[in-house]
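What follows is each chain in one-letter form.
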Amino acid sequence: MNNNIVRPGQTIGILGGGQLGRMMAVAARHMGYRIAVLDPTEDCPCAHVADEHIVAAYDDREAAEQLLELSDVITYEFENVDLKVARLFEQADKLPQGAYSLEVTQNREKEKQVSVDAGLPVAKYEIVQTFDQFKGAMRTIDFPAVIKTVSGGYDGKGQLPLGSEEDFDDVETFMEEGGTYIVEQWVPFELEISQVFTRGQDGDITYFPVAENIHKNHILHETRVPATVSKKVAKKAQEAVKSLAEKMNIVGTFAVEMFVKDHDVYINELAPRPHNSGHYTIEACNVSQFEQHVRAICGLPLLPIHSFPAAVMVNVLGKHQEILHSKLERYYGFHVHDYGKSEARATRKMGHITFVGENLKEIDELIKNNQIHMW
Ligand code: AMP
């Protein structure tokens, strides 16, 4: 028996028990795996579908050792995993994704460097640590631009757009905490896309259809498939992620967010895990981003991907949840996912809905008829 194969009845450990962990666990349970999750929140979404829940901080060494003990293989649902913990799992030969993908994706500077090393276009950027260095960097970067913390930011947090020198005072305040920052040229993109893919331990790669992403207030609002890009641009997106996947020796499901401008793709952000823009694959593809991820980490061959001609996923935030629940019996034509979170803050991701169909026009009509376009 091959030691790298994890078989039904064995346990998958998941670091992080939010919606991504929950959807991974649901896919894994269909395949007969047991689930152990480590998450500090008692009633977290993944705990509802897990066999074991270790309630502890993510960097709690004893809890990490307990997860290691319980699990035959370990994965994670977010990139900000304590690297010491990741290395502990890797040394025990239970983290097929490896710690390196985490090290890169936790840090925007490393992310950019890996992309540049792979020969891929990125927005022009400079790394700065002081306000003086920032002012120096702005001699080579034109307005508009954006300054971001190199680590820890998400959904638009930890970044400040720069329209002119009038914003410099705000930058000084923004940099007060100290640390390392990245100043980026603003890319006047035509659209934002993501390429979600999975790489097996044998190096095989499968690509989900390129998705078009629409953000509202920095939070993903809607994912549309097919993206409105030419075959040539879709091919560029696929080739870009292939070179990153091979360079980084990626295992599992991974997402690359890109800007499209003048028929070129610019790498924006890497996510070493299933991604919000891949949730549509649950209903729109024969194998979801979660099932394919489970197959990869368990050492199973990936499945070839077939999909519906069109799909749209819309996020359900706290502010949408009540109306969704109250009108559930009157809505038609879409799948509802609810993550089982107890507290519905206005901008918290509470669930999502997915439409599948023959074309986007037909789906857009359903969206309108159900008044989802008002969200
Ligand atoms: P990020 O956290 O880097 O993914 O940024 C969040 C969102 O801000 C992106 O999805 C873009 O809509 C926008 N954004 C960030 N950086 C840039 C940039 N250099 N040029 C254009 N838009 C950007």
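You'll find the structure just up there.
Model, not experiment: these values are computed from the prediction. (Residues numbered from 1 in each chain as written. Predicted model: local features only at pLDDT ≥ 70, side-chain atom pairs only at ≥ 80, totals over all residues. Heavy atoms only, no water.)

Caption draft 1: Layout of the nonpolar core. Counting 30 residues, the largest nonpolar core has Ile193, Phe197, Leu244, Val256, Met258, Ile267 and Leu270 as its most contacted members. In terms of residue count, helix α8 (residues 231–248) provides more of this core than any other element does, 7 residues in total. Setting aside anything within four residues of it in sequence, one finds Leu244 in contact with Val114, Ser115, Ala118, Leu120, Ile250, Val256, Ile267 and Leu270. In this structure, Leu20, Ala28, Val37 and Ile297 belong to the second largest nonpolar core, which totals 22 residues. (Core = buried A, V, L, I, M, F, W, Y, C linked by side-chain atoms within 4.5 Å. Buried < 20%, exposed > 50% of the residue type's maximum accessible area, 1.4 Å probe, protein only. Helix = DSSP H or I, 4+ residues; strand = E, 2+ residues; numbered from the N terminus. Contact = heavy atoms within 4.5 Å.)

Caption draft 2: Local environment of the site of the ligand. In the vicinity of the ligand there are 14 residues, among which Lys148, Glu184, Val187, Glu192 and Glu269 approach most closely. One nitrogen or oxygen atom from the side chain of Arg108 is found 2.8 Å from an oxygen atom belonging to the ligand. In this structure, Glu192 approaches the ligand through a side-chain N or O atom, which is 2.6 Å from an oxygen atom. Broken down by class, the residue content of the shell around the ligand amounts to 5 nonpolar, 4 polar and 5 charged. Taken together, domain 2 (124–185) and domain 3 (191–370) each give at least three residues to the shell around the ligand, which thus spans both. (Near = heavy atom within 4 Å. Polar contact = N/O pair within 3.5 Å; in protein donor to acceptor, adjacent residues only side chain to side chain. Nonpolar A, V, L, I, M, F, W, Y, C, P; charged D, E, K, R; others polar. Domains from an automatic or database assignment.)

Caption draft 3: Representation of the environment of Gly9 within the structure. For Gly9, the location among the structural elements is in the segment before β1 (11–15). Residue classification places Gly9 among the partly exposed residues on the basis of a relative accessible area of 45%. Taking the C-alpha atoms as reference points, Gly9 and Arg29, 20 residues apart in sequence, are found 9.5 Å from one another.

Caption draft 4: Representation of helix α10 (residues 289–297). Among the 9 residues in α10, 8 count as buried, and that is most of the element. Regarding α10, the residues found buried are Gln289, Phe290, Gln292, His293, Val294, Arg295, Ala296 and Ile297. Directly beyond the C-terminal end of α10, a positive phi value near 80 degrees is found at Gly299.

Caption draft 5: Inspection of the packing of helix α1 (residues 19–30) against α10 at higher detail. For the pair α1 and α10, the least separation of the axes is 8 Å and the interaxial angle reads 70 degrees. In terms of orientation, α1 lies roughly perpendicular with respect to α10. Handedness of the crossing formed by α1 with α10: right-handed. Of α10, the residues touching α1 (which contributes Leu20, Met23, Met24, Ala27 and Ala28) are Phe290, Glu291, His293 and Val294. (Axes fitted to C-alpha atoms, helices over the stretch in contact; angles between N-to-C directions. Parallel < 35°, antiparallel > 145°, perpendicular 65-115°, else oblique. Left-handed = near helix turned anticlockwise from the far one by under 90°.)

Caption draft 6: Just helix α12 (residues 360–369), in detail. Every buried residue of α12 is accounted for by Leu360, Ile363, Leu366 and Ile367. Buried residues of α12 fall within an arc of 115 degrees about the axis and therefore sit on the same side. Away from its buried face by more than 90 degrees, α12 exposes Lys361, Lys368 and Asn369. Lining the buried residues of α12 we find β12 (219–225), β15 (310–317) and β17 (349–357). Where α12 begins, one side-chain oxygen reaches toward the backbone nitrogen of Lys361, 3.2 Å away; that side chain belongs to Asn359. Positive backbone phi, approximately 60 degrees, marks Gln371, located one or two places after α12. (Arc of directions from axis to C-beta.)

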